[in-house]
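Tertiary structure, described
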Amino acid sequence: MKILITSPSLDTNKNVSGISSITQFIITYNTKNSYLHFELGRKDCQRRNLSWFINILHIYLKWPYVIFSQKIDIIHFNLALTKESILRDFPLIIMARIFRKSMILHLHGGEFLMHKKNPFWMNYLLKLIFVPNMPLIVLSPLEEKIIKNKSRNSNIYILPNCIDLKEAERYDHDHSNDEYFKFLFLGRISSDKGLEFIYQAMVSLKEKGLKYKFLLAGKGPEEEIFKKKFSDLLGVDFEFKGVVAGIQKTDLLKECDVFLLPSFYEGLPMALLESMSFGLVPITTNVGSIGYVINDGVNGLFVKSHSSDDIVLAIEKLSKYKKYRHELGKNARQTIFTNFNPEHYISRLNKIYNYE
């Protein structure tokens, strides 16, 4: 089949996005089908100005041309349930439906997924989007339950995100470095990822005399703000890695001990799965579908949202009990290799394409 798939830019230098990562994974691994990528989404650090507005207009003009000029069998539409994405993508979804194009909506979390009381206009748009019988892909049973409550749609498929495991298979993290803890944040650099609370935790840990290094990797709208804050606080014990991919990302994951993601909302973060596959211990909030990957105290640690104190306590626990830290990292790695097999993912996706 020829499949039109939407996502932000696949160039990691322009965009750090979980949706882009899973899209690239699908295109790379699903060789039974051919994909045409339709770029949809704002690039990192792109401002909402005249240029951005003109680009949106260009997308609305380009969309009908692409779906008519190309012999498309299915539109694989990736959608985050955020205000920006819903308002931008709603006309495209409706247009494809009017033109009777086969379409699958692939949902990727967002603040409007978990909110119990969305604004009236948002609930109205979501009902128009989630029409009966349109195939929907969600990341966990929790999301399936929520979508069923928000809509009349029962044609829902659960498909957790997946990652390439080739490099992780060749590496065994032993957590043997007792001199320095190395903490990693990898992803979009913005406040809603909990970075301010990571910063406050680092302040407390520094005051307590814990030896550690913090590595920040990614790109985002608040990149310069957090680079300066962590640099001023930690000096040589802070490293900014920028956008990492390929061997750079692999080397970074091998270097670190703990993955930090006290995010306010998520779907199922690719960076979380990647870090766990290399044996890093995840410290994260229980938001989105993360609770279907992390078993608190078994393969990672949960912290409360908006709580730097919880982050400090979790890190102190890992510092004090080194054997426990090793066990969590080992279990984290095993979780990914057991439950996130790329071949199973692609097989399941192709069955969904065929509405089986």
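Please refer to the structure placed before this passage.
Described in the following lines is the structure provided in the data block.

1. Digging into the overall build of the chain
Within the chain, the regular secondary structure consists of 14 helices and 12 strands. Taking 356 residues into account, the globule formula puts the C-alpha radius of gyration at 21 Å, and the chain, at 21 Å, falls close to it. A principal-axis box enclosing the C-alpha atoms of the chain has dimensions of 65 × 45 × 40 Å. Evaluated residue by residue, the chain yields a buried proportion of 53% over its 356 residues. Sequence-distant contacts in the chain: of pairs separated by 6 or more residues, those separated by 24 or more amount to 73%. Charge separation in the chain, taken as the distance between the mean sites of 47 positive and 37 negative side-chain charges, equals 7 Å.

2. Details of the sheet that holds strand β12 (residues 301–303)
With parallel pairing, the 6 strands of this open sheet are ordered in space as β9-β8-β7-β10-β11-β12. Two strands lie at the open edges of the sheet, namely β9 (238–242) and β12, each paired on one side alone. Looking at each pair of strands side by side, their axes are set apart by 25° on average, direction ignored. Looking at chain direction, strand β7 (residues 181–188) and strand β8 (residues 212–219) are connected through 8 bridges and run parallel. Across the sheet, the residue bridging to Gly187 is Gly218, located in β8. Strand contacts of helix α11 (residues 270–277): β7, β10 (258–261) and β11 (281–285), with the helix running at about 165° to β10, the strand carrying the most contacts.

3. Notes on helix α8 (residues 195–207)
The terminal C-alpha atoms of α8 lie 19 Å apart, and with 13 residues this matches the ideal 18 Å at 1.5 Å per residue to within 8%. Turning to α8, its buried residues are Leu195, Ile198, Tyr199, Ala201, Met202 and Leu205. Seen along its axis, α8 keeps its buried residues to an arc of 165°; they face one direction. Following α8 by one or two positions, Gly209 adopts a phi angle in the positive range, close to 85°.

4. Some details on the sheet that holds strand β4 (residues 103–107)
The strand order β2-β1-β3-β4-β5-β6 describes an open sheet built from 6 strands, whose pairing is parallel. The open sheet is flanked by β2 (34–39) and β6 (156–158), the only strands paired with a single partner. Neighbour-to-neighbour, the strand axes of the sheet open up by a mean angle of 25°, direction not taken into account. Contacts from helix α2 (residues 50–69) reach β1 (2–7), β2 and β3 (74–79), with the element oriented near 165° to β2.

5. Points about the nonpolar core
With 77 residues, the main nonpolar core has Phe183, Phe214 and Leu260 as its most contacted residues. Ranked by residue count, the leading element in this core is α8, at 6 residues. In contact with Leu260, not counting residues within four places along its chain, are Phe183, Leu184, Phe185, Ile198, Met202, Phe214, Ile283, Ile311 and Ile315. If you look at the next biggest cluster of nonpolar residues, it comprises 35 residues, including Ala96, Phe112, Leu126 and Ile129.

6. A few points about the packing of aromatic side chains
Under the definition given, this model contains 15 aromatic pairs. Judged by centre distance (5.0 Å) and plane angle (80°), the rings of Phe38 and Trp63 are edge-to-face. Of the two residues, Phe38 sits in strand β2 while Trp63 sits in helix α2, which places them 25 residues apart along the sequence. Accessibility classification places Phe38 together with Trp63 in one group, the buried group. Relative to Phe264, the ring of Phe197 lies with its centre 6.2 Å away and its plane at 70°, an arrangement referred to as edge-to-face. Here the residue Phe197 occupies a position in helix α8, and Phe264 occupies one in the loop between β10 and α11, the gap between them amounting to 67 residues. Between the NZ or CZ atom of Lys62 and the centre of the ring of Phe38, over which it lies, the distance is 5.4 Å. Above the plane of the ring of Tyr199 lies Lys229, whose end atom (NZ or CZ) is 4.4 Å from the centre.

7. Examining the environment of Leu253
Position of Leu253 relative to the elements: it lies in helix α10 (residues 247–255). Sequence separation of Leu253 and Ile346 is 93 residues, and the distance between their C-alpha atoms is 25 Å. What Leu253 contacts, discounting residues up to four positions off in sequence, is His173, Leu184, Leu186, Glu274, Ser275, Phe278 and Leu280.

8. Observations concerning α10
Of the residues making up α10, those classed as buried are Lys249, Thr250, Leu252 and Leu253. Considered in projection along α10, the buried side chains sweep an arc of 165° and stay on one side of the axis. Projecting away from the buried face of α10 at angles above 90 degrees are the exposed residues Ile247 and Gln248. Looking at the buried positions of α10, the neighbouring elements they touch are α7 (166–169), β7, β8, β9 and α11.

9. Focus: a nonpolar patch on the surface
Nonpolar side chains collect at one region of the surface, where Leu87, Phe120, Trp121, Tyr124 and Leu128 lie side by side and expose about 540 Å² of accessible area between them. For the nonpolar patch, the leading source of residues is helix α5 (residues 120–129), giving 4 residues. Its location among the elements puts Tyr124 in helix α5. Accessibility expressed as a relative area gives 48% for Tyr124, which makes it partly exposed.

10. Focus on the pattern of salt bridges
In total, this model carries 13 salt bridges according to the counting rule given. The residue Lys148 makes a salt bridge to Glu144 at a minimum N-O spacing of 3.7 Å. Here Lys148 pairs with Glu144, and both are found in helix α6 (residues 141–150), just 4 residues apart, close to one helical turn. The class of Lys148 is partly exposed, set by a relative accessible area of 40%. Put simply, Lys182 and Glu255 hold a salt bridge, and the shortest N to O gap is 2.9 Å. With Lys182 in strand β7 and Glu255 in helix α10, this residue pair connects regions lying 73 residues apart in the sequence.

Each value, and the rule that gives it
- Residues numbered from 1 in each chain as written.
- Predicted model: local features only at pLDDT ≥ 70, side-chain atom pairs only at ≥ 80, totals over all residues.
- Heavy atoms only, no water.
- Helix = DSSP H or I, 4+ residues; strand = E, 2+ residues; numbered from the N terminus.
- Rg over C-alpha atoms; globule rule 2.2 N^0.38 Å.
- Buried < 20%, exposed > 50% of the residue type's maximum accessible area, 1.4 Å probe, protein only.
- Contact = heavy atoms within 4.5 Å.
- Lys, Arg positive; Asp, Glu negative; His and termini not counted.
- Charge placed at Lys NZ, Arg CZ, Asp CG, Glu CD.
- Pairing = 2+ DSSP bridges.
- Axes fitted to C-alpha atoms, helices over the stretch in contact; angles between N-to-C directions.
- Expected span 1.5 Å × (residues − 1).
- Arc of directions from axis to C-beta.
- Core = buried A, V, L, I, M, F, W, Y, C linked by side-chain atoms within 4.5 Å.
- Phe/Tyr/Trp six-rings, centres within 6.5 Å; stacked < 30°, edge-to-face > 60°.
- Lys NZ or Arg CZ within 6 Å of the ring centre and 35° of its normal.
- Patch = residues over 30% accessible without salt bridge, like charges linked within 9 Å, V, L, I, M, F, W, Y side chains within 5 Å.
- Areas by Shrake-Rupley, 256 points an atom, 1.4 Å probe, with all protein chains shown as cover.
- Salt bridge = Lys/Arg side-chain N within 4 Å of Asp/Glu carboxyl O.

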